[in-house]
Amino acid sequence: MCYYIYNEAIGRYSIKMRRFFAAVLAAAMLLSFAGCAVKDTQSDSTAPAEEQTTEEKSTEPPTNEDGSLVKPKNAVSVSDDVKIKTYSGSSIIEIGNRKMEPYGNSYKNMKSYADALNRLKAEMPNTKAYCLMAPTAIEFYAPSKYNTGVSKSQYEGMCYIYEQLKDITPVNVYAEIAAHTDEYLYFRSDHHWTTRGAYYAYRAFANVADFKPVDKDTLQSGKLSPFLGLFYNYTKSPVLASDPDYVEYFLPPVNTTATASDTDAAMSDGYGIQVINTETTSSNKYLAFIGGDHGVIKITTDAQSDRSIVVIKESYANAFVPWLCANYKTVYVLDPRMLTVKLADFVKTNAIDEVLFLNYMFIPSNPKFMNALENICLLYTSPSPRDRSVSR
C-alpha cells in the first residue's frame, strides 16, 4: 500500500512504499495489477502481468527489489519530441491524430477531494462505498515526460487519493486499462474515455464489488459517427476533421427503464431517458450514454440481482453507468454540479446498498465540481474539510 508523507523541507510529498496485501485484489485485477511507482525510472519498467486463473487468486502481484509494486508499462512508445500547444488559452498536446490535455498532480487538491469523500462516507457508516479514479489518455499515449514522476503521473496521484480514504474501498482500474491500450479506449478528439475504456474499469470494479462482469462480446453493439469532441472544438484540427472519432455502444443484456430530473432528488418532475440512445441526432454522440448530464437519474432493470447502487459523478461516468445495468436491480446517478443532495438521506430514503464515487483524475483540481462536492458536505451540521482548513 502506498504511504505519502508531506516533507516540509522540500515542499512536496515524498513516498514510502510497501507491499499491497494481495487479498484486496480479485482475480481479474491480478492479470496486470501494479502499485504506485517510487521513482521515475520505474515508470516504464515492466509490462502488465499475464492473466491469472482462479486457482492463482492468492498469488501476490510482482514487486521491485525494495518491495514496491511494479507499475504497468506505458502503453506506447512515443518520441519525446512533442510540445504543448495553446489554443484560446487551453493547452493541448498533439501526437498525430490524437489530442490530449497536459496533467499535473496537485496533492493539496487531491487531499481535499479525499477529505470530502471521507466526510460523506462518515454520515452513512453502514453503507458500502467505493472510489474509482479514472486515468486519462495522456497517462498511456504520451511521452514519458508527461506522465511519470510525483508531479506528472496520474498513477501516483491515484494511489495518493486511495491512501487517504477511510472506510471507502479503492477501485484501481489502472492495470486493467493498461493491459488493453491497443484497443479504442479513449477518444482522440475529446477528453473522455470510450465505452471500451469504461468497460475495463467496470471489470476492475466487478472484481472489487464481487459480481461477475458481463462479457461485452456477447452483447448487441453498434457505432455512432462521426464524433468530434472538445479538443476538436479547441483546435479545429483538419487532421481530426478528416479522421473523426466514433462512439461505440454495447446494449445492456437486460431490460431497463430510466427517469431523470435536473431539479428534484425525489424526481417529482422526472422525465424518461434512454440508458443508451442508439439514434441520437446530436453532433455530440457521447450524449448517447444516459442522455448526458442530469441532476439525478434512476434506472431500474430486470437483472437477476437485488443490489442497488448510486454513482456520484461527472460526465466521465456516463459511459460507465450502462455497464452496471447487468448486475444491479436499481442504479441511481447523482451529479453534484447540477443538484445538491444530502447523500446519506438520499441513500436511506431509496434503500441504496452501495455508493460509488467515480471521477476522472482532473476532478480534484476542478473548482466547479469541488465546490459542488463541498456544498454537499455543508449540508451537514459539522464543518466541512474546507471550513476546517480555513479556520486554522
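Since this is a predicted model, take the numbers as computed values, not measurements.

About the thresholds
The written sequence of each chain sets the order in which its residues are numbered from 1. This being a predicted model, a pLDDT of at least 70 is required before a residue's local features are given, and a value of 80 or more before pairs of side-chain atoms are given or counted; all residues contribute to the totals for chains, interfaces and linings. To obtain the side-chain values, all non-hydrogen atoms of the structure were used and water was disregarded. For helices the rule is a DSSP run of H or I covering at least 4 residues; for strands it is a run of E covering at least 2, with both sets numbered from the N terminus onward. Under the scheme applied here, a residue whose accessible area is under 20% of the maximum for its type counts as buried, over 50% as exposed, and between as partly exposed, the area being computed with a 1.4 Å probe on protein chains only. Residue contacts are defined here by distance: any two heavy atoms, one from each residue, within 4.5 Å place the two residues in contact. Only the protein chains shown count as cover for residues, and all accessible areas are computed by the Shrake-Rupley method using a 1.4 Å probe. Strand pairing is assigned whenever DSSP identifies at least 2 bridges connecting the two strands. Fitted lines through C-alpha atoms give the axes, limited to the stretch in contact for helices. The angle between two N-to-C directions lies from 0 to 180 degrees. Buriedness for pockets is judged along seven lines, at least five of which must meet protein on both sides within 12 Å for an open set on the 1 Å grid over protein atoms alone, while cavities are sets there where a 1.4 Å probe fits but cannot get out, and lining residues have an atom within 4 Å of a point. Grid points are joined across faces, edges and corners, and a volume is the space filled by probe spheres set on the points. Any residue outside Ala, Val, Leu, Ile, Met, Phe, Trp, Tyr, Cys, Pro, Asp, Glu, Lys and Arg is labelled polar, Gly included; the first ten of those are nonpolar and the last four are charged. An angle below 35 degrees is read as roughly parallel, one above 145 as roughly antiparallel, one from 65 to 115 as roughly perpendicular, and any other as oblique. Throughout, a crossing is termed right-handed when the near helix is turned clockwise from the far one, and left-handed when it is turned anticlockwise from it by less than a right angle.

Colleague: Sorry if this is basic, but what is going on with the overall build of the chain here?
Modeller: Across its full length, the chain holds 12 helices and 15 strands. Burial analysis of the chain (392 residues in total) assigns 56% to the buried set. For the chain, restricting intrachain contacts to residue pairs at least 6 apart in sequence, the fraction spanning at least 24 positions comes to 71%. Element-wise, carbon and sulfur atoms account for 47% of the exposed surface of the chain, whose accessible area totals about 16,600 Å².

Colleague: Is there a simple way to think about the sheet that holds strand β12 (residues 296-301) in this case?
Modeller: Sheet strands pair by backbone hydrogen bonding; their relative direction is either parallel or antiparallel. Reading across from one edge, β7-β6-β15-β13-β14-β12-β10-β11 is the order of the eight strands in this open sheet, with mixed pairing throughout. Two strands lie at the open edges of the sheet, namely β7 (169-171) and β11 (271-273), each paired on one side alone. Each strand of the sheet is rotated relative to its neighbour by a mean of 25 degrees, with strand direction disregarded. Note: strand β10 (residues 256-261) against β12, six bridges, orientation antiparallel.

Colleague: Hey, could you run me through empty space enclosed by the protein in this one?
Modeller: Regions of empty space are outlined by a rolling probe, equal in size to a water molecule, passed over the atoms. Scanning the entire structure with this criterion turns up three cavities of 30 Å³ or more. For the largest cavity, the calculated volume is near 90 Å³. In this structure, the largest cavity is lined by 15 residues; those nearest its centre are Glu101, Thr136, Ala137, His191 and Phe231. A volume near 50 Å³ is recorded for the second largest cavity. Lining the second largest cavity are Leu120, Gly295, Ile312, Leu334, Asp335, Pro336, Leu339, Val341, Leu343, Phe357 and Ile376. When the residues that make up the lining of the second largest cavity are grouped by side-chain class, the tally is nine nonpolar, one polar and one charged.

Colleague: What should I look at first to understand the pairing of strand β15 (residues 354-360) in this one?
Modeller: Moving residue by residue along a regular strand, the side chains alternate between the two faces of the sheet. The buried count for β15 comes to seven of seven residues, which makes it a mostly enclosed element. Burial along β15 is two-sided: the face carrying Glu354, Leu356, Leu358 and Tyr360 and the face carrying Val355, Phe357 and Asn359 are both buried. Bridge count for strand β6 (residues 128-134) against β15 is seven bridges, and the pairing is parallel. By the bridge assignment, Leu132 is partnered in β15 with Leu358. Bridge count for strand β13 (residues 308-313) against β15 is five bridges, and the pairing is parallel. Bridge pairing in β15 links Lys313 to Leu358.

Colleague: Where do I start with unusual backbone geometry in this structure?
Modeller: Phi is mostly negative for residues that are not glycine, and the peptide bonds are mostly trans. Cis geometry marks the peptide bond from Ser225 to Pro226, where omega comes out at -5 degrees. With respect to the helices and strands, the residue Pro226 is situated in strand β8 (residues 221-227). Phi is positive for Lys236, close to 50 degrees, though the residue is something other than glycine. Look at Lys236 and you get exposed, because its relative accessible area is 51%. With phi around 50 degrees, Ile290 is a residue other than glycine that occupies positive phi space. Tracing the sequence through the fold places Ile290 in the loop between β11 and β12. Note on Ile290: relative accessible area 0%, which makes it buried.

Colleague: For this particular structure, what's the right way to read the packing of helix α1 (residues 107-122) against helix α11 (residues 367-377)?
Modeller: When two helices pack together, their arrangement is given by the angle between the helix axes and the distance between those axes. Packing of α1 against α11 leaves a shortest axis separation of 10 Å and a crossing angle of 30 degrees. Compared by their axis directions, α1 and α11 come out roughly parallel. Considering only the axes of α1 and α11, their crossing is left-handed. Along its contact with α1, which presents Ser112, Tyr113, Ala116, Leu117, Arg119 and Leu120, the element α11 presents Met370, Leu373, Glu374, Ile376 and Cys377. In terms of residue class, the contact of α1 with α11 is built from eight nonpolar, one polar and two charged.

Colleague: Explain the layout of surface pockets to me, please; I cannot follow it from the model alone.
Modeller: In this model, the second largest pocket occupies a volume close to 400 Å³. Lining the second largest pocket are 22 residues, with His191, His192, Asp293, Ser315 and Arg337 positioned closest to its centre.

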